[in-house]
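Residues per chain, in single letters:
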Amino acid sequence: PNTSCIQNLSDIIQRFKSQWSVADWYKFGLFHDEQISDINVHWLTFPPPDDGHFYALGVLYIFLMIFGLTGNFLVVFLFTRCKTLRTPANTLIVNLAISDGLMTIKAPIFIFNSFSRGPALGYIACQIYGFLGGLTGTLSIITLSVISFDRYFVIKYPLNRSFSALRIKLCLGIAWIYGIFFAMIPVLDIGLGKYTYEGYLTSCSFDYLTEDRSIKRFIFVYFVAAWVVPFHLISFSYFNILKVVTNRTMSQRRGDSFRHVKDDDSKKQEIKLAMVVFGTVLLWFLSWTPYAIVALLGIFGQKHLITPLSSMVPALFCKTASCLNSYVYALSHPKFRAELRKICCSCSYLQRRREKNNKVWSSESTSSKICTHVCHSESNVDMGISMVGEPRSMAHPTKQLDRQETVMEMICLRPSFRNRPSSVRRLARRWSSKSRKEEDHQNDDAISSFDMVCLD
C-alpha cells in the first residue's frame, strides 16, 4: 500500500508539473522541486486556473495595498501629530491600524506570485506571508476584544479611571504576546504544522487540509483561542453596553437627571465610540468568518467542499476588512474627523493665501503696465498732432521705442513675482516703495503750490 501511495503521489506531481508553469518559477532561483512536496496533495489535484484569474487578483491586491496603507498610515499620522488624539482609547485604535497595516505589507508577495502564476518566491516568502497573516489576524481580533471590553468598563464604571492607561498598556502587551505565540508555532516546525501554500498557490496559511491529528488539534485550539473566545468577549461587552444605554434612556424618560452635564456629554461620546467599534467588529466578523469556516471544513475532513476559488475568496474578504477598518473609524470618530478637517483647512487656507498674493502682485503689475501704455499712447498722440506735416516714418523715429518699457520702468513697476528669486523680490519691493514715496511727495508739493497760486 505504501508503494502504491508513493506511485500515486509521483504521478500527481508529474501531472502537476506538466499542467502548471513550473518552469517559469525556476527563473528566479527561489523555488525548487523539493518544495512541491510541501504543497498539500489536495491542491495538486486541481488544474491551474486561467491566467486572467491570476492577473485580476494581482491588480486587485495592488489597489487594496495602496488603499489600506493610505488609510492606516493616516490614522497613525493623525495620532502622532495631534496631542488631543493621544488618549488610551485611541491607542488601541492605532494598534489596530498598525496590525492592519502589517497585513497589507505582505501583499507584494501575493502580487508577485500572482503575476508569476504560482509560488515563484519560494519557501521563505511563504513563511513570511503565513507568519504575518497569522500574527495580524490574531492581533486584530484580540485588539478589537480589548477595545470592546475597555468601552464596557468605561461606560459601566465611568468614575473608575485611575488605572485606565496602565490597563490598556497591559492589554496591548498581552495582545502582542498572544498573537506572536500562535503565529510562531508553524514557523518553528515543532510537529504542529507549518505554513503551506493554499488555493492558487500564491498565498500561504495554516495547513488545515492535513491528515495529521496533532496538527488538526493545534488548528482547532487556535480557532477557539483566536475566534471563539474573542467573539464571546466582544458579545459580552456589547451586550452589557446595550443594557447600560437602555437603562440610561429609561431613566431620562422618567425625568431623572445627571449631576454633571459634562460627564453626561463624555458618556455620550463614549457610547458613540462604542457603536463605531461595534461596526468595526461586525465588519471583522463578516470578513473572517468565511475563512474560519473553510479551515473548519478542512480539519473535519470535508475537503471535497473546498476548491481553490472557495479558499481565495474568503482570504480576499480578510484583506478587504484590514483596508476598510481605518476608513470606517477615521470617518466615524468625531475627533479624528475634526483633526483631519483642520489639516485640510490649513492646507487649503495656505494655498488660497498663496494664490491671493500671486493675484495681488500680478494685478498691480498689470495695472501699472496699462497706465504706462496709456501714457505712451497719449504722448504719441500729442507728438502726432504737433507733427502733422511730417511723414510718419520721419517723425522722430527714435520715439517709436517709447512703447517698450525701459530698464528703470521694469524695476520700478510692481512685477509678478511668481517666478522671481527672493533677493530680486526684496530689491524690487524696496525700489517700488521708494518710487511711490517720491511720487506722493511730488504730488503733495504740487498740491501745495497750486493752493498757494489760488490764494494769491
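This one's a predicted model, so the numbers in the text were calculated from it and none came from an experiment. (Residues numbered from 1 in each chain as written. Predicted model: local features only at pLDDT ≥ 70, side-chain atom pairs only at ≥ 80, totals over all residues. Heavy atoms only, no water.)

### A closer look at the overall build of the protein
What counts here: Secondary structure elements follow DSSP: runs of H or I no shorter than four residues count as helices, runs of E no shorter than two count as strands, and numbering proceeds from the N terminus. Relative accessible area decides the class of each residue, using a 1.4 Å probe on protein chains only: under 20% of the type maximum gives buried, over 50% gives exposed, and in between gives partly exposed. Contact criterion: two residues are considered in contact whenever any of their non-hydrogen atoms come within 4.5 Å of each other. Here, Shrake-Rupley sampling with a 1.4 Å probe gives the accessible areas, and only protein chains in the shown set may cover a residue.
The secondary structure content of the protein amounts to 14 helices and 2 strands. Across the 456 residues in the protein, those meeting the buried criterion constitute 41%. Long-range contacts, defined here as pairs at least 24 residues apart, represent 76% of the contacts in the protein between residues at least 6 apart. As presented, the protein carries roughly 26,400 Å² of accessible surface, and 65% of it is formed by carbon and sulfur atoms.

### Regarding a nonpolar patch on the surface
Under the convention used in this document: The patch calculation keeps residues exceeding 30% relative accessible area without a salt bridge and links them within 9 Å when they carry like charges or within 5 Å when they are nonpolar (Val, Leu, Ile, Met, Phe, Trp, Tyr). Here, a salt bridge means any side-chain nitrogen of Lys or Arg that lies within 4 Å of a carboxyl oxygen of Asp or Glu.
Judged by side-chain polarity, Tyr-55, Val-59, Phe-63 and Phe-115 come together as a nonpolar surface patch covering roughly 390 Å² of accessible area. If one sorts the elements of the nonpolar patch by residue count, helix α4 (residues 51-81) sits on top with 3 residues.

### Notes on the nonpolar core
Just so we agree on the cut-off: Take the buried Ala, Val, Leu, Ile, Met, Phe, Trp, Tyr and Cys residues and link them wherever side-chain atoms come within 4.5 Å; each set so joined is a nonpolar core.
Grouped together as the largest cluster of nonpolar side chains are 87 residues, with contacts concentrated most on Phe-16 and Tyr-208. With 14 residues, the single largest contributor to this core is helix α7 (residues 122-156). Not counting the four nearest positions on each side in its chain, Phe-16 is found in contact with Val-22, Trp-25, Ile-36, Ile-39, Leu-44 and Leu-201.

### Let's talk about the confidence of the model for the protein
Threshold: pLDDT expresses how confident the predictor is about each individual residue, on a scale running from 0 to 100.
Considering every residue of the protein, the mean pLDDT works out to 76; 66% of them sit at 70 or more. For the protein, per-element mean pLDDT is lowest for helix α13 (residues 407-412), which scores 43, and highest for helix α6 (residues 107-116), which scores 93. A low-confidence stretch, residues 363-420 stays under pLDDT 50, and its non-local contacts, those more than four residues away or across chains, total 41 contacts.

### Focus on empty space enclosed by the protein
Definition in use: The rule is simple: put a 1 Å grid over the protein atoms alone, call a set of points where a 1.4 Å probe fits but cannot get out a cavity, call an open set with protein on both sides within 12 Å along at least five of seven lines a pocket, and count a residue as lining if it has an atom within 4 Å of a point. Grid points are joined across faces, edges and corners, and a volume is the space filled by probe spheres set on the points.
Throughout the structure, instances matching the rule amount to 7 cavities of 30 Å³ or more. Estimated volume of the largest cavity: approximately 460 Å³. Lining the largest cavity are 29 residues, and of these Ser-205, Phe-206, Tyr-222, Trp-288 and Tyr-291 lie nearest its centre. Elements represented by at least two residues in the lining of the largest cavity include exactly α7, β1 (195-198), β2 (203-206), α9 (213-253), α10 (261-299) and α11 (308-332).

### What to know about the side chain of Ser-205
Short version of the rule: Distance and chemistry together define a polar contact, namely a pair of N or O atoms within 3.5 Å, with one atom able to donate a hydrogen and the other to accept it when in protein, and with adjacent residues in sequence counting only for side-chain atoms on both sides.
Within the secondary structure, Ser-205 sits in strand β2. Classification of Ser-205 by relative accessible area gives buried; the value is 7%. Among the polar contacts listed, one links the side chain of Ser-205 to the side chain of Tyr-291, at a separation of 2.7 Å. Setting aside chain neighbours within four positions, we find Ser-205 in contact with Lys-194, Tyr-195, Thr-196, Glu-198 and Tyr-291.

### Some remarks on the packing of aromatic side chains
As a reminder, the rule being used: For Phe, Tyr and Trp, where Trp contributes only its six-membered ring, two rings pair if their centres lie within 6.5 Å, and the inter-plane angle classes them as stacked under 30 degrees, edge-to-face over 60, or tilted in between. A ring is considered to have a charge above it if a Lys NZ or an Arg CZ atom is located within 6 Å of its centre and within 35 degrees of its normal.
Under the definition given, this model contains 27 aromatic pairs. For the ring pair Trp-20 and Phe-54, a centre distance of 6.4 Å and an interplane angle of 70 degrees mean the geometry is edge-to-face. Taken as a pair, Trp-20 in the loop between α1 (2-19) and α2 (22-25) and Phe-54 in helix α4 lie far apart in primary sequence, 34 residues in all. The same class applies to Trp-20 and to Phe-54, which are both buried. With 5.2 Å between their ring centres and 50 degrees between their planes, Tyr-195 and Phe-206 make a pair best called tilted. Of this pair, Tyr-195 sits in strand β1 while Phe-206 sits in strand β2, and the two are 11 residues apart along the sequence. Summarising the burial analysis for this pair, Tyr-195 and Phe-206 share the class buried. An aromatic cluster of three or more residues is present, and its members are Phe-16, Trp-20, Trp-25, Tyr-26, Phe-31, Phe-54 and Tyr-200. Sitting above the plane of the Tyr-129 ring, Lys-106 keeps its charged end 4.2 Å from the centroid.

### Some details on the pairing of β1
Let me state the cut-off plainly: By this definition, two strands are paired if DSSP reports at least two bridges between them.
With 4 bridges connecting them, β1 and β2 associate as antiparallel partners. Across the sheet, Thr-196 pairs through a bridge with Ser-205, a residue of β2. Adjacent in sequence and paired antiparallel, β1 and β2 are bridged by 4 residues, among which Gly-199 carries a positive phi angle near 60 degrees.

### What about the packing of α4 against helix α5 (residues 88-105)?
Geometrically, a packed helix pair is captured by the angle between its two axes and the distance between the axes. Keep this limit in mind: Axes here mean lines fitted to C-alpha atoms, for a helix over just the part in contact, with angles spanning 0 to 180 degrees between N-to-C directions. We call two directions roughly parallel when the angle between them is under 35 degrees, roughly antiparallel when it is over 145, roughly perpendicular when it lies between 65 and 115, and oblique otherwise. Crossings are classed by handedness, with left-handed meaning an anticlockwise turn of the near helix from the far one by less than a right angle and right-handed meaning a clockwise turn. Just so you know the grouping, Ala, Val, Leu, Ile, Met, Phe, Trp, Tyr, Cys and Pro go in nonpolar, Asp, Glu, Lys and Arg go in charged, and all remaining residues, Gly too, go in polar.
With their axes 9 Å apart at the nearest point, α4 and α5 run at an angle of 155 degrees to one another. Between α4 and α5, the angle is such that the two are roughly antiparallel. When the axes of α4 and α5 are compared, the crossing they make is left-handed. Each of Leu-64, Met-65, Gly-68, Leu-69, Asn-72, Val-75, Val-76 and Phe-79 in α4 lies in contact with α5, whose residues at this interface are Asn-90, Thr-91, Ile-93, Val-94, Ala-97, Ile-98, Asp-100, Gly-101, Thr-104 and Ile-105. Grouping the amino acids of the contact of α4 with α5 by side-chain chemistry returns 11 nonpolar, 6 polar and 1 charged.

### Things to note about α6
Across the 10 residues of α6, 7 count as buried, placing the element largely inside the fold. Three or more residues of α6 are buried, namely Ala-107, Ile-109, Phe-110, Ile-111, Asn-113, Ser-114 and Ser-116. Where α6 ends, the next residue or the one after it, Arg-117, has phi of about 60 degrees, a positive value.

### Digging into the state of the cysteines
Cut-off, in case you're wondering: In what follows, a disulfide is any cysteine sulfur pair within 2.5 Å.
Enumeration according to the criterion identifies 1 disulfide in this entry. Residue pairing for Cys-126: its cysteine sulfur links by disulfide to Cys-204, the two sulfurs lying 2.0 Å apart. Here the S-S torsion is close to -125 degrees, and the disulfide linking Cys-126 with Cys-204 is therefore left-handed. With Cys-126 in helix α7 and Cys-204 in strand β2, this residue pair connects regions lying 78 residues apart in the sequence.

### Section: the environment of Phe-278
In this structure, Phe-278 sits in helix α10. Judged by relative accessible area, Phe-278 falls into the partly exposed class, the value being 40%.

### With respect to the UniProt feature "transmembrane region" (unreviewed entry) in the protein
Keep this limit in mind: UniProt positions are given in the numbering used here, feature names are shortened, and annotations may be inferred rather than shown by experiment.
Per the UniProt entry, the sites bearing "transmembrane region" (unreviewed entry) are residues 54-80, 92-115, 121-149, 170-188, 219-241 and 273-300 in this numbering. The span residues 121-149 is 97% helix and 0% strand, and its two end C-alpha atoms sit 41 Å from each other. Helix makes up 100% of residues 170-188 and strand 0%, and the two end C-alpha atoms of the span are 27 Å apart.

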